[in-house]
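Single-letter residue listing:
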Amino acid sequence: MRVLIVDSSARNQQELTTIVQSFGYTSQSASCGKGALSAYANFSPDVVLLDIAIEDIAMDVLVAKMKALAGAIYLPVVFLASASESKLLTEYLQVGGDDFLTKPFDSIVFQAKMRAHIRTRELSRSVAEQNRSLAWHSEHMQQEHRIVQNMFSNALNRSLQNYNQIETYLLPHTIFNGDLYLLARGPLGNLYLLLGDFTGHGLPAAIGTLPASQTFFAMAELGSPVGQIAAEINRQLNQLLPESMFCCATILELSASGERISWWSGGMPPAMLIAENHEIKEYLQPQHMPLGILSDLEFESGITITRAAPRDRLLLYSDGAIEVGVQSGRPLGYERFKRIGRQCRWQLSELADAIQDRIEKDGIDDDLSMVLLHCLPTGLSSKEQDDERSKMPFCLSVRLGPEEIRGVDPVSTILRGLSQIEGFKEFKAPLYTVLAEAYNNAVDHGLLRLASSAKSSLDGFENYYIERSRRLVRLQHGFVELILNYIPKDACIYVKICDSGKGFTAENTEAGEYSFGRGLMLMKELTRDLVWSDGGRCVEFTFPIR
Amino acid sequence: MGLQTEYANDGKHFIIHIKGKFDFGLVQEFRQSYDGLSDRVTTVVIELRETDYIDSSALGMLLNMRKSLGAGSRNIHLINCRPEIRQILDISRFDKLFIID
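Remember, it's a predicted structure, so these values are computed and weren't measured experimentally.

Description of the UniProt feature "modified residue: 4-aspartylphosphate" (unreviewed entry) in chain A
Residues and elements named next belong to chain A.
And step 1. Here the UniProt-annotated "modified residue: 4-aspartylphosphate" (unreviewed entry) positions come out as Asp51.
And step 2. Mapped onto the elements, Asp51 comes out in strand 3 (residues 47-51).
And step 3. Excluding its chain neighbours within four sequence positions, the residues that come into contact with Asp51 are Val6, Asp7, Ser8, Met59, Leu80 and Lys103.

What to know about the sheet that holds strand 13 (residues 304-307) of chain A
Residues and elements named next belong to chain A.
And step 1. If you trace the five strands from one edge of the open sheet to the other, you get 7-8-9-10-13, paired in antiparallel fashion. Two strands lie at the open edges of the sheet, namely strand 7 (179-185) and strand 13, each paired on one side alone. Strand after strand, the sheet turns through a mean of 20° between neighbouring axes, direction not considered.
And step 2. In terms of strand pairing, strand 10 (residues 260-266) meets strand 13 through four bridges, oriented antiparallel. From the neighbouring strand, Ser262 faces strand 13, where its bridge partner is Ile305.
And step 3. Helix 7 (residues 209-222) rests against strand 7, strand 8 (191-198) and strand 9 (247-254) of the sheet, and its axis sits at about 15° to strand 7.

Observations regarding the domain arrangement of chain A
And step 1. Splitting chain A by domain gives domain 1 (2-127), domain 2 (158-375) and domain 3 (394-544).
And step 2. Put simply, the middle of domain 1 of chain A and the middle of domain 3 of chain A, counted by C-alpha atoms, are 109 Å apart.

Observations concerning the pairing of strand 11 (residues 271-274) of chain A
Residues and elements named next belong to chain A.
And step 1. Because side chains alternate across strand 11, one face comprises the buried residues Ala271 and Leu273, and the other comprises Met272 and Ile274, equally buried.
And step 2. Here four bridges tie strand 11 to strand 12 (residues 280-284), and the two strands are oriented antiparallel to one another. Opposite Ala271, over in strand 12, you have Leu284 as the bridge partner.
And step 3. Here strand 11 folds back onto strand 12 in antiparallel fashion, the turn holding five residues, of which His278 has a positive phi close to 75°.

A few points about the interface of chain B and chain A
And step 1. With 43 residues of chain B at the contact, the number on the chain A side is 44 residues.
And step 2. Buried area between chain B and chain A, both sides added, is near 3,700 Å², and the carbon and sulfur share of it is 58%.
And step 3. Taken together, the connections running from chain B to chain A amount to four salt bridges.
And step 4. Of the charged contacts in the structure, one is a salt bridge between Asp409 of chain A and Lys21 of chain B, with a shortest N-O distance of 2.2 Å.
And step 5. In this structure, the connection of chain B to chain A is made through 16 residue pairs in polar contact (both at pLDDT 80 or more).
And step 6. Of all the secondary-structure elements, those providing two or more residues to the side of chain B that touches chain A are strand 2 (13-22), helix 1 (27-33), strand 4 (51-54), helix 2 (56-68), strand 5 (75-79) and helix 3 (83-91) of chain B.
And step 7. If one sorts the elements of the side of chain B that touches chain A by residue count, helix 2 of chain B sits on top with nine residues.
And step 8. A per-class count over the side of chain B that touches chain A returns 16 nonpolar, 13 polar and 14 charged.

Quick word on the pattern of salt bridges
Residues and elements named next belong to chain A.
And step 1. Inspection of the entire model under this criterion finds 32 salt bridges over all chains.
And step 2. Measuring nitrogen to oxygen at the nearest pair gives 2.8 Å for the salt bridge that ties Glu129 to Arg132. Linking Glu129 with Arg132, this pair stays in helix 5 (residues 107-156), spanning three residues, or about one helical turn.
And step 3. Its relative accessible area of 52% is what places Arg132 among the exposed residues.
And step 4. When the shortest N-O distance is used, the salt bridge between Asp362 and Arg330 registers 2.8 Å.

Rules behind the numbers
Per-chain numbering applies: the sequence of each chain, read as written, is numbered from 1 onward. The order in which chains are written sets their letters, starting at A; the order in which ligands are written sets their numbers, starting at 1. For this predicted model, a pLDDT threshold of at least 70 governs which residues receive local features, and a threshold of 80 or more governs which side-chain atom pairs are given and counted, while totals over whole chains, interfaces and linings are taken from all residues. Based on all heavy atoms of the structure, the side-chain values leave hydrogens and waters out of the count. UniProt positions are given in the numbering used here, feature names are shortened, and annotations may be inferred rather than shown by experiment. Every helix listed is a DSSP run of H or I at least four residues long, and every strand listed is a run of E at least two residues long, numbered separately from the N terminus. Note on contacts: a residue pair qualifies if any of its non-hydrogen atoms lie within 4.5 Å across the two residues. Here the rule is simple: two strands pair whenever DSSP picks up at least two bridges between them. Here an axis means a line fitted to C-alpha atoms, over the contact stretch when the element is a helix, while the angle between two N-to-C directions is reported on a 0 to 180 degree scale. The split of the chain into domains comes from an automatic or database domain assignment. Throughout, exposure labels follow a simple rule: accessible area from a 1.4 Å probe, protein chains only, divided by the maximum for the residue type, with under 20% read as buried, over 50% as exposed, and the rest as partly exposed. What counts as buried area is the accessible surface, traced by a 1.4 Å probe, that two parts surrender upon association, with contributions from both included. For this analysis, a salt bridge means a side-chain nitrogen from Lys or Arg found within 4 Å of a carboxyl oxygen belonging to Asp or Glu. Two N or O atoms form a polar contact when they lie within 3.5 Å of each other; inside protein one atom must be a possible hydrogen donor and the other a possible acceptor, and for residues adjacent in sequence the pair counts only when both atoms belong to side chains. Throughout this entry, Asp, Glu, Lys and Arg are counted as charged residues, while Ala, Val, Leu, Ile, Met, Phe, Trp, Tyr, Cys and Pro are counted as nonpolar. The remaining residues, Gly among them, count as polar.

So this is what it looks like as structure tokens:
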């Protein structure tokens, strides 16, 4: 323990040194204020004994400087005075001193006071230590939160932004939102939406939003059905979350036309379909358990399809909206929520203002989300692939005998190969259709001699295909040849398909025209220069590439 | 590849998902899928989002379904057609007989 003695009299210094050292303390002396301040740095005292007769620096300034040097830790300053000066001490104590001792010194009182001040200083030191450590932890946590928050916003910024047919009011209870709102466009111009509510709030509740959102975006991009998206998110959350945690959610898809809502809902308050006249037309009552509870096998992915009229609106909300004021004993409740909604004519901004007023009065202790979807054509176009088309010409020739015709599906196989070529994917469907029509004609009518007029009755249609497989099994001879010739500069594929059958006679050409009518119509529409040759055994056409 | 069916939660919609290729390979399976449909079903939905290819035999199968469900007494929706599939339905004027969306 170090005691700084500040006294102008050498005799007093000597006396005090003796006393202080007898208590087992180290001491250093200074004879003026300046000396005391300069001694501070090297000696860093735990107690300062200060004679009130020091005059080179005003007492209040000196005390303040000493205290400032000690920083956040309490530095006891004890004034020394003779008995005659003792009436001045009250005054001195007001300038910032902590105690006083009067001469002649009573050793017992002296020691007791020193101990008391030293204890206070120890206490103050440990508080300062704890404060420093708290401050460090708090800073550390804030930094971690910033990082995690950044990760969340990165994960969620794949969500479709500024989409004008959606209005939202999202009010997280803490910086981490346990409510999850996601929006994505599907490949067919359809719109996917998820509104979820994880149990609890804050970081533990928000953790599950990471895998859920990534799955949602990936599956929306593929155009997956809503039930499958729900099943996949359920599987992940069931694996990830502790048993007491789950996610209430509504996942929906609005068709490109804006007329069809396909939805899956578990554990959410019922979304409301609101007509143009502001009446509630339909409630989307949740049909399922929340996500993350049931195993893959138990999970029910059943959806519901709801038709929406133009200018219908769908309001989705988390239970935070109806539980405003719960903790102050004045819950808003479902009926009052609807009443406010009607009063606002379901304008989201007005509804949000009304809810905000409630929150200011009655408080809130959960995340709150409201999403209003306008059921109109989505205005999102289907995704175009604009790969540059391959410039490499090629010719593909396939000749199939009875064995291959029975065993392989040449058109699918050819298409699988062709769709690997740059720019071919986008027209693989119509190319499939025309090749399949021509190939099936060659097999059915050329090799198998089936009359397609048989297809015209209800039973005939199925019987036709039963007969086809019967004849195919028995087929011994013959072939079908497909030749595809791709000429990049013409932007065309020239196709020739021949068979070894008997060809068409005038008679069955007519029958053929009639029976494969629909197929023929497709071929005429999708190709150019469609001609038969070799007595109907060969068909040739040009497949133009956009 | 193939065909999957489900009833929607309200029991009014019957949904047939067709994956991959929609052609005569599915003739029997497709017809059986709507045999003995519950009376509650008002709408049959053919979900085509995962249909890659379609040919005239599929068109025939759809027309047969329409006939056997009593043309017009139940709605048949062809939904989530890719543009290429839509083009083929349009050429055949299926929009007059089915609700395409």
